[in-house]
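Geometric and topological summary
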Amino acid sequence: MAVAACGSSGSESGSDGGGSGGGDDSITMGFSQVGAESGWRTANTKSVQESAAKAGITLKFSDAQQKQENQIKAIRSFVQQRVDVIAFSPVVESGWDTVLKEAQNAKIPVILTDRAVDSKDTTLYKTFLGSDFIEEGKKAGQWLVEEYKDATGTVNIVELQGTTGSAPANDRKEGFAEVIGADPKFKVIASQTGDFTRAKGKEVMEAFLKSNPDIDVLYAHNDDMGLGAIEAIEGAGKVPGQDIKIITVDAVKDGMQALADGKINFIVECSPLLGPQLMDLAKKVVKGEQVPARVVTEETTFTQEQAEQVLSTRQY
Ligand code: AHR
């Protein structure tokens, strides 16, 4: 049954009948997703929807199309519908206190999934499940430092940032800068947002290539932007992975294929398979049980050789 979100421009689906007024054990979760900007996001949505069905949790799913205002409307709609628990992946870090306070006043627990908020009041949410994005940025930087350990000249780096103001964009930039900042030969000569999309990654890389003839390395905050940039690099007559070394984050199938093909040099994994843990946490918070304040996702990294080995068994 399709249910229109109150004032939301995102889609929302699920069945009615849950909510704290139900007086039974059934759980209804309102889930506000960022959008459908990347392969990672598509895999994350699938994981959440499949895990909810498996756990017997009724899911009211709303797609915010990368807009904070749509997420705020969706959360308000979930509060009005008196769902049992709200989970959301905040598109940006700031500006959530008012709406989270409204959920808290309505006694509806909130779980942050994938991305963090910068609210000082940590009682506004029960737990935060997701990756350590600073660590991901550090892993990207560590590979680069090792790869260029014998280089004597300047290493010119361009950076494709994720969505401006989002936790993964802020943290992946910070972690990377911290590691490469220890050696002055590493120079970030251009850094701009590609909004985590393939189209924007291509567009921004085209502009980088026009204004910077000597790019050695591209660091893209996700695979999709890296894949868009590969098209731009090839369009400029250069060989991705050789003329320009490429580091990305996520390790979705298309990214891993490009890594195995030699077009990307290194990928830091960011797992989108958060659904099962999210449903477990939701059941606990609805029962009023204690949950850890932070649940960090386990992740690895991939070289070109490792990508070849695991490609056929990748789940997403
Ligand atoms: O928040 C996770 C990030 O969001 C992923 O790395 C990126 O692909 C997605 O859009």
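For the structure, check the block above.
So, a few notes on the structure that sits alongside this text. Fair warning: this is a prediction, and the values are worked out from it, not measured in the lab.

What surrounds the ligand is the set E37, S38, W40, R41, D114, R115, F133, P168, R172, F196, N222 and D250. One of the side-chain N or O atoms of S38 is found 3.1 Å from an oxygen atom in the ligand. Measuring from an oxygen atom of the ligand, one finds a side-chain N or O atom of D250 at 2.6 Å. Broken down by secondary-structure element, the contributors of at least two residues to the shell around the ligand are α1 (39-55) and α5 (167-180). Each residue belonging to the shell around the ligand can be placed in one class, and the counts come to four nonpolar, two polar and six charged. For the shell around the ligand, the two domains that each supply at least three residues are domain 1 (3-131 + 272-299) and domain 2 (133-270).

The next point concerns the nonpolar core. Ranked by size, the top nonpolar core spans 63 residues in total, and within it M29, I86, L144, I157 and L278 carry the most contacts. Residue-level mapping places this core at the junction of two domains, with at least three residues from each of domain 1 (3-131 + 272-299) and domain 2 (133-270). Excluding residues within four positions of it along the chain, L278 makes contact with M29, F31, V48, A87, I111, T113 and L129. Residues A220, I246, M256 and A260 belong to the second largest nonpolar core, which totals 29 residues.

Moving on, we come to the sheet that holds strand β7 (residues 155-161). Read from one edge of the open sheet, six strands run β8-β7-β9-β10-β11-β13, paired in mixed fashion. In this open sheet, the two strands that pair with only one neighbour each are β8 (186-193) and β13 (301-303). Within the sheet, the average angular offset between the axes of one strand and its neighbour, ignoring direction, is 15°. As paired elements, strand β9 (residues 217-220) and strand β10 (residues 245-250) share three bridges and run parallel to each other. Note on β10: the bridge partner recorded for Y219 is I247. Relative to the sheet, helix α7 (residues 223-235) contacts β7, β9, β10 and β11 (266-269), its axis offset from that of β10 by approximately 155°.

Criteria and cut-off values
- Residues numbered from 1 in each chain as written.
- Predicted model: local features only at pLDDT ≥ 70, side-chain atom pairs only at ≥ 80, totals over all residues.
- Heavy atoms only, no water.
- Near = heavy atom within 4 Å.
- Polar contact = N/O pair within 3.5 Å; in protein donor to acceptor, adjacent residues only side chain to side chain.
- Helix = DSSP H or I, 4+ residues; strand = E, 2+ residues; numbered from the N terminus.
- Nonpolar A, V, L, I, M, F, W, Y, C, P; charged D, E, K, R; others polar.
- Domains from an automatic or database assignment.
- Core = buried A, V, L, I, M, F, W, Y, C linked by side-chain atoms within 4.5 Å.
- Buried < 20%, exposed > 50% of the residue type's maximum accessible area, 1.4 Å probe, protein only.
- Contact = heavy atoms within 4.5 Å.
- Pairing = 2+ DSSP bridges.
- Axes fitted to C-alpha atoms, helices over the stretch in contact; angles between N-to-C directions.

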